[in-house]
Amino acid sequence: MGKDARVAALLLVPLLAAWAFSWGRLAAYPLHVPADGDYAAARAVVERSGFQSTQDAWAVLPPWSLRAWQAMGDLRLISGDGLARRPLHRYARLFVVVEPDAEPHLEPLVARLGPPVERVEAGRLGVWRWDLGGPRVAYDFTARVAEAAVRIVNAAGTLVECNQPARGGVSCAGRGGWQRVTRQWLLVTENGDEALWAHPPPPGQAVEIAYDGVTLGPSIVVRAGHTRDGADRATGEVRLRVLVDGVEVGVVRRVPRFDFVPEEMDTRALAGAPHRVVFRIETDRDANNHFAFDAYAVADGSTP
């Protein structure tokens, strides 16, 4: 073999290897991707476990996969986005539909919760279950927004009573459609999550969302952040102040950023007797400040 032929052969070998690898991946692809029947099988596993939508929840990992939603979306779903850091007091059990390539998302969840109590194969899927010991919620502010009194205030007092019926909550008469407090599925993560839309009013004003007769436990959990549009277009920090009987127990501060971050406020000294809890939302720059939050009072125990 001449020199030129040897050089050509050396160049051809890696090309042939890459070609073989690519075709091998393509040939194996159908064996890697879950079939529609696998999702039906995963649903059957969840239903056989006695899934209760009032207190159990399920998610899919990787979180960007939507095929499981089609088969199981009528069951209680929570977003898989940021699942490893999501507070889970609301739930007795968490089921996770595990698709291929989910390992990077599963590892931090297992590090936090420990190994699942059950792992069941459903075709190319897995169904992992954790028993969380809940629900452990004393008062769910997001779920009970219909019981809240909402108004816009400034230093002089009330400017607007927000009591115009709107889907999922109320809007504020005489203000734009964006000035409302409504429970809805919002794009606060890549795939969205349920939260309270609570756009702050112009500077010098605040939205107040007040709940009476709230029995508190050891803490109040707040997840808060901007929608995708707000993160891209807003420029002002949002401040969410939590007041109990007129006394501030914590402040959540969010600059425009696409990250729905959880925080936990200590209320152990206030546990027991009913209280008035107010969420006050304000900003120095309200334009495009699409903000949302989710909140509840913990009944007992720490975040699972």
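Within each chain, residues carry numbers counting from 1 in the order of the written sequence. Only residues with pLDDT of at least 70 are given local features in this predicted model, and only at 80 or more are side-chain atom pairs given and counted; all residues enter the totals for whole chains, interfaces and linings. Where side-chain values are given, they derive from all heavy atoms of the structure, hydrogens and water being excluded.

Here we take up the layout of surface pockets. Buried and open spaces are told apart on a 1 Å grid over the protein atoms alone, a cavity being a set of points where a 1.4 Å probe fits but cannot get out and a pocket being an open set with protein on both sides within 12 Å along at least five of seven lines. Residues with an atom within 4 Å of a point are the lining residues. Grid points are joined across faces, edges and corners, and a volume is the space filled by probe spheres set on the points. By volume, the largest pocket amounts to about 280 Å³. Along the walls of the largest pocket sit 16 residues, with Arg76, Leu77, Tyr91, Arg183 and Glu194 positioned nearest its centre. Only DSSP runs of H or I with at least four residues qualify as helices, and only runs of E with at least two residues qualify as strands; both kinds are numbered from the N terminus onward. Broken down by secondary-structure element, the contributors of at least two residues to the lining of the largest pocket are strand E10 (180-186) and strand E11 (193-198). Each residue is assigned to one class: nonpolar for Ala, Val, Leu, Ile, Met, Phe, Trp, Tyr, Cys and Pro, charged for Asp, Glu, Lys and Arg, and polar for all the others, Gly among them. A breakdown of the residues in the lining of the largest pocket according to their chemical character gives 6 nonpolar, 1 polar and 9 charged.

As a further point, take the sheet that holds strand E12 (residues 206-215). Paired strands, in this sense, are two strands between which DSSP finds at least two bridges. Strand order across the open sheet formed by 6 strands is E7-E6-E12-E17-E14-E15, with antiparallel pairing between neighbours. Of all strands in the sheet, those with a lone pairing partner are strand E7 (157-162) and strand E15 (247-254), marking the two edges. Taken pair by pair, the neighbouring strands of this sheet meet at an average axis angle of 25 degrees, ignoring direction. Relative to E12, strand E6 (residues 149-154) runs antiparallel, the two being bridged by 5 bridges. The residue bridging Val150 from the neighbouring strand is Ile209, located in E12. Every angle, taken between N-to-C directions, lies between 0 and 180 degrees, and every axis is a line fitted to C-alpha atoms, over only the stretch in contact when it is a helix.

Another aspect to go through is the pattern of salt bridges. The rule for a salt bridge is simple: a side-chain nitrogen of Lys or Arg has to be within 4 Å of a carboxyl oxygen of Asp or Glu. Considering all chains together, one arrives at 30 salt bridges under this definition. The shortest N-O distance in the salt bridge between Arg233 and Asp229 comes to 3.1 Å. On the criterion of helical spacing, the pair formed by Arg233 and Asp229 is a turn pair, its members being 4 residues apart in helix H5 (residues 228-233). Note on Arg233: relative accessible area 45%, which makes it partly exposed. Arg257 is paired through a salt bridge with Asp259; the nearest N and O atoms lie 3.8 Å apart. To sort residues, take the accessible area from a 1.4 Å probe on protein chains only and compare it with the maximum for the residue type: under 20% means buried, over 50% means exposed, and anything in between is partly exposed. Its relative accessible area of 18% is what places Asp259 among the buried residues. Where salt bridges share partners, they join Glu237, Arg239, Arg241, Glu248, Arg253, Glu282 and Asp284 into one cluster.

All right, on to the sheet that holds strand E3 (residues 118-122) then. Spatial ordering of the open sheet is given by E1-E2-E4-E3, a layout of 4 strands whose pairing is mixed. In this open sheet, the two strands that pair with only one neighbour each are strand E1 (56-61) and E3. Here the average twist between neighbouring strands, direction ignored, is 20 degrees. Direction of pairing for strand E2 (residues 93-98) relative to strand E4 (residues 125-131): antiparallel, over a ladder of 6 bridges. Paired with Arg93 across the strands is Asp131, a residue of E4. In what follows, residue pairs with any heavy atoms lying within 4.5 Å of each other are defined as contacts. Against the sheet, helix H2 (residues 36-48) contacts E2, E3 and E4, and its axis sits at roughly 20 degrees relative to E4. Most of the contacts of helix H4 (residues 103-113) go to E4, to which it runs at about 20 degrees, and overall it touches E1, E2 and E4.

The residue Ala173 is located in the loop between strand E9 (169-171) and E10 in this model. Classification of Ala173 by relative accessible area gives partly exposed; the value is 40%. The spatial distance from the C-alpha of Ala173 to the C-alpha of Glu161 is 7.7 Å, given a sequence separation of 12 residues. With sequence-adjacent residues up to four places away left out, Ala173 is seen in contact with Val160 and Gln164.

A word on empty space enclosed by the protein. Following the criterion strictly, the structure yields 1 cavity of 30 Å³ or more and no others. Here the largest cavity is characterised by a volume of approximately 50 Å³. Around the largest cavity, the lining residues are Arg86, Pro87, Arg90, Tyr91, Val221, Arg223, Asp294 and Tyr296. Looking at the lining of the largest cavity, its residues break down into 4 nonpolar, no polar and 4 charged.

To continue, consider the nonpolar core. Among the nonpolar cores identified, the biggest contains 33 residues, and Phe141, Ile209, Tyr211, Val277, Phe279 and Phe293 are the most heavily contacted of them. Taken together, the elements giving at least two residues each to this core come down to E6, E7, E11, E12, strand E13 (219-226), strand E14 (238-244), strand E17 (274-283) and strand E18 (291-298). Ignoring any residue separated from it by four or fewer positions in sequence, one finds Phe141 in contact with Leu196, Tyr211, Val214, Ile220, Val277, Phe279, Ala295, Tyr296 and Ala297. Among buried residues, those of type Ala, Val, Leu, Ile, Met, Phe, Trp, Tyr and Cys that are joined through side-chain atoms within 4.5 Å constitute a nonpolar core.

Next up on the list: the confidence of the model for the protein. Across the protein, the average pLDDT comes to 91, with 88% of residues at 70 or higher. A residue's pLDDT is simply how confident the predictor is in it, with values from 0 to 100. Within the model, the stretch residues 7-11 combines pLDDT values under 50 with 0 contacts to residues more than four positions away or in other chains.

It is worth spelling out the pairing of E1 at this point. Within a regular strand, side chains alternate between the sheet's two faces. Counted residue by residue, E1 has 6 buried out of 6 residues, so it is predominantly covered. Because side chains alternate across E1, one face comprises the buried residues Asp56, Trp58 and Val60, and the other comprises Ala57, Ala59 and Leu61, equally buried. In terms of strand pairing, E1 meets E2 through 6 bridges, oriented parallel. Of the residues in E2, the one forming a bridge with Val60 is Val97. A clockwise path from the first strand over the helix to the second, with the strands pointing away from the viewer, defines a right-handed crossover. Read as a crossover between parallel neighbours, the route from E1 over helix H3 (residues 67-72) to E2 is left-handed.

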